[in-house]
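# Architecture at a glance
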Amino acid sequence: MNAQELRDKTPDQLREELANLKKESFNLRFQQATGQMESTAGIKAARRNAARVKTILNEKAAAAASEE
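Residues numbered from 1 in each chain as written. Predicted model: local features only at pLDDT ≥ 70, side-chain atom pairs only at ≥ 80, totals over all residues. Heavy atoms only, no water.

An unreviewed UniProt entry annotates the chain as Large ribosomal subunit protein uL29 originating from Ruegeria halocynthiae. As its UniProt record puts it under Sequence similarities (unreviewed entry), the chain is described as follows: "Belongs to the universal ribosomal protein uL29 family." (UniProt positions renumbered as here; feature names shortened; annotations may be inferred.)

Structure, rendered in structure tokens:
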């Protein structure tokens, strides 16, 4: 998922994507705590993707606020 793909989505779709990423992050942390995780790179990727979605949501909110 890259930033351009995210910019094409609606704010509702982005919020849904953010919720999914938070669930994924929780599951990955749980796997790490129980010792089931094989690769820890997924935690970093999920955290960065969530931050990317939040950034795009903030950009859209700022753009909407400046138009009014």
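Once that is clear, we can look at the nonpolar core. With eight residues, the main nonpolar core is built from L6, L14, L18, L21, A50, V53, I56 and L57. Put simply, the parts of the chain that give this core at least two residues each are α2 (11–34) and α3 (41–67). Per-element tally for this core: the top contributor is α3, with four residues. (Core = buried A, V, L, I, M, F, W, Y, C linked by side-chain atoms within 4.5 Å. Buried < 20%, exposed > 50% of the residue type's maximum accessible area, 1.4 Å probe, protein only. Helix = DSSP H or I, 4+ residues; strand = E, 2+ residues; numbered from the N terminus.)

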